[in-house]
Every structure is written in C-alpha cells, then in structure tokens.
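Below, each chain spelled out in residue letters.
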Amino acid sequence: MPETREILDRQLRGVCFTPQERRAVLHAIRKERPVMKKKLIPVLLCFLLLFLLTGAALAAGVLWGVEDFAARSGIPLPDAPVQQPVSQSGGVGEELTVAVTDAVWDGETVCITLHCQPHAEDLLLMDACLQLDMPASNLDRALPRGLTIADWVSANSFTDVLGVAVEPMLNDRYLGYRVSWHLEENGGCTLFYEFDGVADGPLALTFQCVTWGWDEARGGFCSDGRNEVFDLTCTLKSPMDR
C-alpha cells in the first residue's frame, strides 16, 4: 500500500519519536506477537562479549556517546558530568549484544546511549519500524534519501537484516522518551534516549530488547523464527556523587 508506506516514511524521517508513535508504527506493520522466552546464555560468553564491548571498544573511543548526539542535534545536555563506564548487566541476545556506552543524569533528565552490536559480520541492525523500501536516510541522516535502504544494504555487502526495538523501563513501567540513532560501519547502531528519571539516590533502569527477522511476504519485521526478548539493566550514579 503506497499510501501507508509514505505515511510511515514521513513519521520515521526525523529519526526521533515518542513511544506512542513507535508503537503505532510497529502495530501498523505487524500483528502483535508473543515474544519467545529467554534462552540461557553461558555465563562465560556473556562476560566475554560485554567485556569486549564495554571495555575495549569504549576505551578505543570508537562509539558515539551522548556528547556526539548533542553536538549533532544542537540540544544541550543536562548540567551533570558524563558517566562512563556505567554499571550494567545482561544485554546479551542470540544475534546481538546491547550495552550502555555513557549517560548524563542531573536528577531529573536522563540522556543515555546504548550500542547494539551484531554477532554476525554480514548482519545489519535496523530499527524495527523501518522497511527496506524506505530512503536510506532513515537508517542514519548522513545517508542519501535518493537511495533505498535495500539498495544501501546491497551496496555495502550486508546479506541479512534484523529489526531491533529497545524500550526503557523504570520500576517495571515503560517510560516516555525520545530516541534517535547513529549507524555504525560494522552494521551495529548506537541509540540515544532522553527521558525523565527522578530519584533520590542511584537510578536503576531496565531496557527491554526485542528482535524480529525480516518477513519478505509481509514486507516487514515480523518473523516469529527470530523473535527474541532479553533485558539490559544498568545503574546511574546519583548527581550528588560527583
């Protein structure tokens, strides 16, 4: 339906939207499906993947952080120091690892970045709201609008795509937020979230990570065979602990 795709493209073009908008788009391109139960991951593998991602990668300074997104958007960060590294656990799925890069929290507003790293070299991670016939600029605003995502995927030798949705939660409740993303060269992406997080002491957050495979017949991310859910938890230090 060309009209539906045009509406979705207009919604996603700004790569910044509310949870209500995201869920409306997800509902429009797929039916609600139950997520699979968590599968056991060996503790050693979890530790190794998280160490490589949050240790070596961050130390090398190769990932985008809150200051990079703020510089790109021109929006000031909360008046608080950047927290890095951030205490965290979990975040390991069968096809990707999600980890907190850095964060800023002034006691009221949270700005935090999460890096999504694919486990396969030829796998491209995409926001689950996107479709392959949309402009490539929906993956990252630096990419051309005159090229579709499918064309860009083929030109960059990616042979597989995976839809990803990450929802922040506080005290078992979903949060209202704004999100934008940056595409990494290896097929991963860095997500930037901004939301309210008021607490007297340390702030304990949970990010629910959900994946979907591409369904060619439906033209969207809705494949049951690659539908997985797992959590990433992290704790931000109190702004008083400077």
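Quick look at the structure, then. (Residues numbered from 1 in each chain as written. Predicted model: local features only at pLDDT ≥ 70, side-chain atom pairs only at ≥ 80, totals over all residues. Heavy atoms only, no water.)

Attention now goes to the overall build of the protein chain. Counting its secondary structure elements, the protein chain contains five helices and 10 strands. Residue burial in the protein chain is summarised as follows: out of 242 residues, 49% are buried. Across the protein chain, contacts joining residues at least 24 apart in sequence account for 69% of those joining residues at least 6 apart. Accessible surface for the protein chain amounts to roughly 12,000 Å². Of this, 55% is attributable to carbon and sulfur atoms. (Helix = DSSP H or I, 4+ residues; strand = E, 2+ residues; numbered from the N terminus. Buried < 20%, exposed > 50% of the residue type's maximum accessible area, 1.4 Å probe, protein only. Contact = heavy atoms within 4.5 Å. Areas by Shrake-Rupley, 256 points an atom, 1.4 Å probe, with all protein chains shown as cover.)

All right, on to the sheet that holds strand S8 (residues 189-196) then. Read across the sheet, four strands follow the order S2-S3-S8-S7 without closing on themselves; strand pairing throughout is antiparallel. Taken across any chain shown, the strands that pair with only one partner, and hence form the sheet edges, are strand S2 (96-105) and strand S7 (178-183). The average undirected angle you get between the axes of adjacent strands in this sheet is 20°. Where S7 and S8 come together, six bridges link them in antiparallel fashion. Note on S8: the bridge partner recorded for Leu-183 is Cys-189. This element, helix H4 (residues 66-73), spans S2, strand S3 (109-118), S7 and S8 of the sheet and lies at about 100° to S7. (Pairing = 2+ DSSP bridges. Axes fitted to C-alpha atoms, helices over the stretch in contact; angles between N-to-C directions.)

So, on to H4. For H4, the complete set of buried residues consists of Val-66, Phe-69 and Ala-70. The buried side chains of H4 occupy one side of the element, clustering within an arc of 100° when seen end-on. The exposed set on the far side of H4, more than 90 degrees from its buried face, consists of Glu-67 and Ala-71. Elements that come into contact with the buried residues of H4 comprise S2, S3, S7 and S8. In the segment just after H4, Gly-74 is the residue with positive phi, at about 75°. (Arc of directions from axis to C-beta.)

So, on to the side chain of Glu-167. Structurally, Glu-167 is set in strand S5 (residues 160-170). Assessed through its relative accessible area of 7%, Glu-167 is described here as buried. In this structure the side chain of Glu-167 is engaged in a polar contact, spanning 2.9 Å, whose partner is the side chain of Tyr-177. (Polar contact = N/O pair within 3.5 Å; in protein donor to acceptor, adjacent residues only side chain to side chain.)

Here the focus is the nonpolar core. Counting residues in each nonpolar core, the largest one holds 53 residues, and the members touching the most others are Ile-112 and Tyr-193. Element by element, the count of residues in this core is highest for strand S9 (residues 203-215), at seven residues. Look past the residues within four positions of Tyr-193 in its chain and what remains in contact with it is Val-110, Cys-111, Ile-112, Leu-114, Val-166, Pro-168, Tyr-177, Arg-178, Val-179 and Phe-207. (Core = buried A, V, L, I, M, F, W, Y, C linked by side-chain atoms within 4.5 Å.)

All right, on to the pairing of S2 then. Where burial is concerned, most of S2 is hidden: 10 out of the 10 residues are buried. Sheet topology note: the S2/S3 ladder contains nine bridges and is antiparallel. Directly across from Val-104, in S3, lies its bridge partner Cys-111. Taken together, S2 and the strand that follows it, S3, pair antiparallel across an intervening segment of three residues, in which Gly-107 is found at a positive phi of about 100°.

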